[in-house]
Amino acid sequence: MEIGHPVSIFCSWSGTGTDAPWRERVLTALRPLAAQGLIALRDDGPLSIEGAVEQEPVRGPSGAALFLALLSPDYLLSSACLAELERGRRRHDAGEVLLIPLVLRACAWQQSAVGDLQPWPSDGLALASRDDPEEGLRQVEQGIQQVLGRLLFEGVRQRDASAAELLCFCACLAPAPIPEALVTQGLARLPHSLAVTAADPSTLTAVQATLEAEALLIRDPKSGGLQVHELLRAALPEQLPAEEQARWRRLALEALATLAIAYPAGEPEHWPLYEGLLPHTLHCAAWIRMEPALQTAPTARLLEQVSLYRRLHGSYQEAASLSEWALAIREQVLGPDHLETAASLHDLAFLYHFLGRSVEALPLLERALAIREEALGPAHSLTVSTLEYLAFLSLSMSRFSEAFPLFERLAPLAEEIFGPHSPKTISALNMLALCYQRQGRVAEACTLFERALLFSEQAPHSVPNLTGAILQNLALLYRSLGRRAEALALLERSLAIGEQTFGPTHRRVAITLYHLALLYRDLGRPQEALPLLERALAICQRAVGPDHPLTRHCQEVYHQLQQTQAEP
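Quick caveat, the model's predicted, so the values are computed rather than measured.

Visitor: Tell me what's going on with the overall build of the protein, and back it up with residues and numbers.
Guide: Looking only at helices and strands, one finds 25 helices and 6 strands in the protein. Structurally, the protein occupies a C-alpha span of about 120 × 55 × 40 Å along its principal axes. Taking all 568 residues of the protein together, the buried fraction comes to 49%. For the protein, long-range pairs separated by at least 24 residues make up 65% of all intrachain contacts whose partners lie at least 6 apart in sequence. A total of about 25,200 Å² of accessible surface is found on the protein, and carbon and sulfur atoms cover 54% of it.

Visitor: Can you lay out the pattern of salt bridges for me, pointing to particular residues and giving the numbers?
Guide: On inspection of all chains with the given rule, the structure shows 31 salt bridges. Arginine 525 is the partner of glutamate 528 in a salt bridge, and the nearest nitrogen-oxygen pair spans 2.6 Å. By sharing partners, the salt bridges in this structure join Asp19, Asp74 and Arg105 into a single network.

Visitor: Explain the packing of aromatic side chains residue by residue, including any values.
Guide: The relation between two aromatic rings is expressed through the spacing of the ring centres and the mutual angle of the planes. Per the counting criterion, the structure on display carries 6 aromatic pairs. With a centroid separation of 5.8 Å and 45° between ring planes, the pair formed by phenylalanine 10 and phenylalanine 67 is classed as tilted. Here phenylalanine 67 lies in strand 3 (residues 65-71) and phenylalanine 10 lies in strand 1 (residues 7-12), a separation of 57 residues in the sequence. In terms of burial, phenylalanine 10 and phenylalanine 67 fall into one category: buried. In this arrangement the basic side chain of lysine 424 is found over the ring face of phenylalanine 418, its NZ or CZ atom lying 5.5 Å from the centre.

Visitor: Summarise the side chain of glutamine 245; cite the residues concerned and give the values.
Guide: Inspection of the secondary structure puts glutamine 245 in helix 11 (residues 242-262). For glutamine 245, a relative accessible area of 18% translates into the label buried. Glutamine 245 has contacts with Pro237 and Leu240, leaving out every residue within four places of it along the chain.

Visitor: Summarise the pairing of strand 1; cite the residues concerned and give the values.
Guide: Most of strand 1 is tucked away: 6 of the 6 residues are buried. Neither face of strand 1 is exposed, since Val7, Ile9 and Cys11 on one face and Ser8, Phe10 and Ser12 on the opposite face are all buried. Judged from the 4 bridges that link them, strand 1 and strand 3 form a sheet pairing that is parallel. Looking across to strand 3, one finds that phenylalanine 10 is bridged to phenylalanine 67.

Visitor: Could you give an account of the confidence of the model for the protein, with specific residues and numbers?
Guide: Averaged over every residue, the pLDDT of the protein is 88; residues scoring 70 or more account for 95%. When pLDDT is averaged over each helix and strand of the protein, the minimum, 32, is found for helix 2 (residues 49-54) and the maximum, 96, for helix 16 (residues 358-376). Scored below 50 in pLDDT, residues 45-64 shows 45 contacts in the model against residues more than four places distant or in partner chains.

Visitor: Could you give an account of the packing of helix 19 (residues 423-438) against helix 21 (residues 464-480), naming the residues involved and the relevant values?
Guide: Between helix 19 and helix 21, whose axes approach to 11 Å, the crossing angle comes to 20°. The orientation of helix 19 relative to helix 21 falls into the category roughly parallel. In this structure, the crossing between helix 19 and helix 21 has a hand that is left-handed. When helix 19 is examined against helix 21, the residues Pro423, Ile426, Ser427, Asn430, Leu434 and Gln437 are found in contact with a partner set consisting of Leu466, Ile470, Asn473 and Leu477. A breakdown of the residues in the contact of helix 19 with helix 21 according to their chemical character gives 6 nonpolar, 4 polar and no charged.

About the criteria used
Residues numbered from 1 in each chain as written. Predicted model: local features only at pLDDT ≥ 70, side-chain atom pairs only at ≥ 80, totals over all residues. Heavy atoms only, no water. Helix = DSSP H or I, 4+ residues; strand = E, 2+ residues; numbered from the N terminus. Buried < 20%, exposed > 50% of the residue type's maximum accessible area, 1.4 Å probe, protein only. Contact = heavy atoms within 4.5 Å. Areas by Shrake-Rupley, 256 points an atom, 1.4 Å probe, with all protein chains shown as cover. Salt bridge = Lys/Arg side-chain N within 4 Å of Asp/Glu carboxyl O. Phe/Tyr/Trp six-rings, centres within 6.5 Å; stacked < 30°, edge-to-face > 60°. Lys NZ or Arg CZ within 6 Å of the ring centre and 35° of its normal. Pairing = 2+ DSSP bridges. pLDDT = per-residue confidence, 0-100. Axes fitted to C-alpha atoms, helices over the stretch in contact; angles between N-to-C directions. Parallel < 35°, antiparallel > 145°, perpendicular 65-115°, else oblique. Left-handed = near helix turned anticlockwise from the far one by under 90°. Nonpolar A, V, L, I, M, F, W, Y, C, P; charged D, E, K, R; others polar.

Structure, rendered in structure tokens:
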């Protein structure tokens, strides 16, 4: 990745045979940078005083060049080298060149003209004296890269303040293509001087074109996203004071949060945007715990939206971690009883339940329900949604004494808020009917099942799996009441829906086949029951294994019917 103008580096050395191998190792370490077009090496060997005047380092594009003094005992004994070093020091002090002492072999460099400068390697230990000279050379290469980044940025800042600001903003983000929307629709809406540039397409295009021409800002050919040159990315954290770094980090998070609020992650048309924002959000999120000033309500909103996006794409553990951060921030910033805190409690409970942490999910839902009931009232749709989830979670954990009253509250509220034909209402009626059936309140259960089935059949947008479940539940209740003919018709309808919705080999189809076979047996029609049990048994053995209770039940009934058929 070549920059617009390579930075010129002049290597000054003694020219002796002792230093030659070390000089060559230094040049070898730097040549990859030259091959990338980042630097231009000037190394004309040891110079006389007159020659040194004629071949001083060439100025780089930022108005400065690098002067590497390869120090050794031989260098410090050479009057020509010392004179060259003195002139380099004067130009360094005048800001015309950057003089860097590089210690090849142990010597008294501290008593020379560069004794007060920071040497390379940074610990001052000579390359020849190190147990691992290659490590020292790696430090030299990394140091050159840092210096190049600083020179390039300083050059930009001197020429165009807006371009320098855009680089600072982009360098805060992850080393991945930056979606243009983050600049044009996130950053542009914030009260910041750079927002003026971001909001004006012609100005922003001109600034980007200048940076792209020098390859300091690179546009990804596929996504159109922007990416800062790696030299600037590595150098800017050290170039900028800590307070300024913190300001750019805060601005990056605010831009991400602004975009997340404008484009909710729950809408699939926004997912391509979130895919591009994801690495930058995760990169910036690492700062939140370290810097309390970044723990704001918009930051929590950003974390919640990215959590939702990750959840919708199957990354539940990562989504839970993000949601935990959002909850902690909202509790701290907004308070434990705020409605946004309740939203985080509800979302985190969902993730915990999915991750098998239902015991931790339950108290979160109870808190969310209490907050929403107090702030919104018991008949608000958000309150009802939390009540619904708490009821189903309690039932799934076999906490029947807690689940039953929740469903008794839920069913009438769902019908009032969402209407009789809403899947939420129909599902609540179905579950309340199951609760009544478990309590022995058969007549009430039967009435509720029939009502739920009627609403489901009348719904403008049917939910086949819900209708099939209600048909099966009502059929089993009818069977227990001796209403076998009615039960048979319902189960046959349920089987047809299951096969069409889930496929003929699904586990749910096997359950319906099993119950339908039992009903045929009760009706004295074992010839029709056996093939159903054979199908159910084959599905169960493949789907849940031979030791599953459903598989064993199918096998037992199947063997009983075979024996009955074999008897004279």
